[in-house]
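A structural walkthrough
These are the residues of each chain, in order.
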Amino acid sequence: MIRRDTLWKALIEDLIEDFLHFFFHAYINQIDLERGVTFLDKDLEQIMPEAETKRRHADKLFKAWLKNGQEQWFLVHVEVQGYPDDQFAFRMYQYYYRIQDRYGKPVTAIAIYTDNKRAYHAKAYKADFLGTELIYRFQSFVLADYTAEELRASDNPFGLALEAARLALDPRLKDDDQLMVSKLNLIRHLLSRGLSKVKIRRLYNFINMYVSFQNSENTLKFEKEVREITKSRKPMGLEEAILKEVREQGIEKGIGQEKQLAILRAYENGIATAMIAKIVDLPLVRVESVIAAHEKGDPSNEPE
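The rules behind these values
Residues numbered from 1 in each chain as written. Predicted model: local features only at pLDDT ≥ 70, side-chain atom pairs only at ≥ 80, totals over all residues. Heavy atoms only, no water. Phe/Tyr/Trp six-rings, centres within 6.5 Å; stacked < 30°, edge-to-face > 60°. Buried < 20%, exposed > 50% of the residue type's maximum accessible area, 1.4 Å probe, protein only. Lys NZ or Arg CZ within 6 Å of the ring centre and 35° of its normal. Axes fitted to C-alpha atoms, helices over the stretch in contact; angles between N-to-C directions. Helix = DSSP H or I, 4+ residues; strand = E, 2+ residues; numbered from the N terminus. Parallel < 35°, antiparallel > 145°, perpendicular 65-115°, else oblique. Contact = heavy atoms within 4.5 Å. Polar contact = N/O pair within 3.5 Å; in protein donor to acceptor, adjacent residues only side chain to side chain. Pairing = 2+ DSSP bridges. Right-handed = clockwise from strand over helix to strand, strands pointing away.

Next up on the list: the packing of aromatic side chains. On inspection of all chains with the given rule, the structure shows 24 aromatic pairs. Between Tyr 136 and Phe 138, the ring centres sit 5.7 Å apart and the planes meet at 45°, which makes this aromatic pair tilted. When sorted by exposure, Tyr 136 lands in the same class as Phe 138, which is buried. Seen in terms of ring centroids, Phe 213 and Phe 222 are 6.0 Å apart; in terms of plane orientation they differ by 55°. Their pairing is tilted. For the pair shown, Phe 213 and Phe 222 are each scored as buried. Linked through ring pairs, Trp 8, Phe 19, Phe 22, Phe 23, Phe 24, Phe 39, Phe 62, Phe 141, Tyr 146, Phe 158, Phe 206 and Tyr 210 together constitute an aromatic cluster. Seen from the ring of Trp 73, Lys 63 lies directly overhead, with NZ or CZ sitting 4.7 Å from the centre. The ring of Phe 222 has Lys 183 sitting right over it, with the charged end atom 4.3 Å from the ring centre.

Running from N to C, helix α8 (residues 176–191) and helix α9 (residues 197–210) cross one another at 170°; their axes reach a closest spacing of 11 Å. One element, α8, and the other, α9, form an angle in the roughly antiparallel class. For the pair α8 and α9, the contacting residues are Lys 183, Leu 186, Ile 187, Leu 190 and Leu 191 in the first and Ile 200, Leu 203, Tyr 204, Ile 207 and Asn 208 in the second.

Our focus in this paragraph is the side chain of Asp 59. Relative to the helices and strands, Asp 59 resides in strand β2 (residues 58–65). In this structure Asp 59 comes out as buried when scored by relative accessible area, which is 12%. A polar atom in the side chain of Asp 59 sits 2.4 Å from the side chain of Tyr 95. Apart from residues no more than four positions distant in its own chain, Asp 59 is found in contact with Lys 9, Leu 44, Val 78, Glu 79 and Tyr 95.

The topology assignment puts Arg 166 in helix α7 (residues 157–169). Contact partners of Arg 166, with chain neighbours within four places excluded, come to Leu 143, Ala 144, Tyr 146, Thr 147, Ala 148 and Leu 151.

Most of strand β3 (residues 73–81) is tucked away, with nine of its nine residues classed as buried. The alternating pattern of β3 places Trp 73, Leu 75, His 77, Glu 79 and Gln 81 and Phe 74, Val 76, Val 78 and Val 80 on opposite faces, both of which are buried. Note: β2 against β3, eight bridges, orientation antiparallel. Paired with Lys 63 across the strands is Leu 75, a residue of β3. Sheet topology places β3 next to strand β4 (residues 107–113); seven bridges connect them, and they run parallel. When the bridges of β4 are listed, Val 76 appears paired with Thr 108. Traced from β3 through helix α5 (residues 88–103) to β4, the parallel crossover comes out right-handed.

Here it is, written out as structure tokens:
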């Protein structure tokens, strides 16, 4: 099962403009979206090694440009936090001063809290000692403060991902039958938005992977229901579209390098590793080793 931090990281990168419109709407007219953004994940790993954080979380760092007629750019630090952490505010501050030290550029930061442990939802880091005081404030978004209806009303594709995450927090949806109704409702709304196939696929995979059923059989039932919905709307079924794209990467040729690329492409699109193994006709353990090597940055591990 793909970790939630991986899902958030991929989605932020895939829907970066929607992300900026959702969380930085008050400043969006100042951001030069035509120049795009540059993700600095490798730099972020050096700034704050995984070993220092102990727990997994979704952090992203990217640079964007402002519409001020100059070559200035600013850095956006994003944290998606889904578990209690009494050191979280300090970690946000650590990121800030290390980014400032490395780049010397303006920084804006936002913490997105996807759990309901409100006591840990910090908005600032404060330190006070012998007459010296430090206050680092950052933006925060508490998912539990919004209803699914409010998130959908945002009319922003990223709001649909947040709505899915909100479903996972709803105690009323612990029953698979109720969850099935809510997930299918969300998928129908997704398909009615007139979004591109690529964006639909990415959001569908996020929703499907992030909000899971207790009974694995209901996952198959859900996917069957989605296939029926997509057939009625004429476009190719979502999972079929992903598989077709994977095969077009050269999967049928069975050459090692092409298989490796196809595995990683399928993984990035949210396909379960068991399904990937079946598609590429390799043992599950081999597929998992390719993915693990990729995440560690080791290019030497290729399928035979």
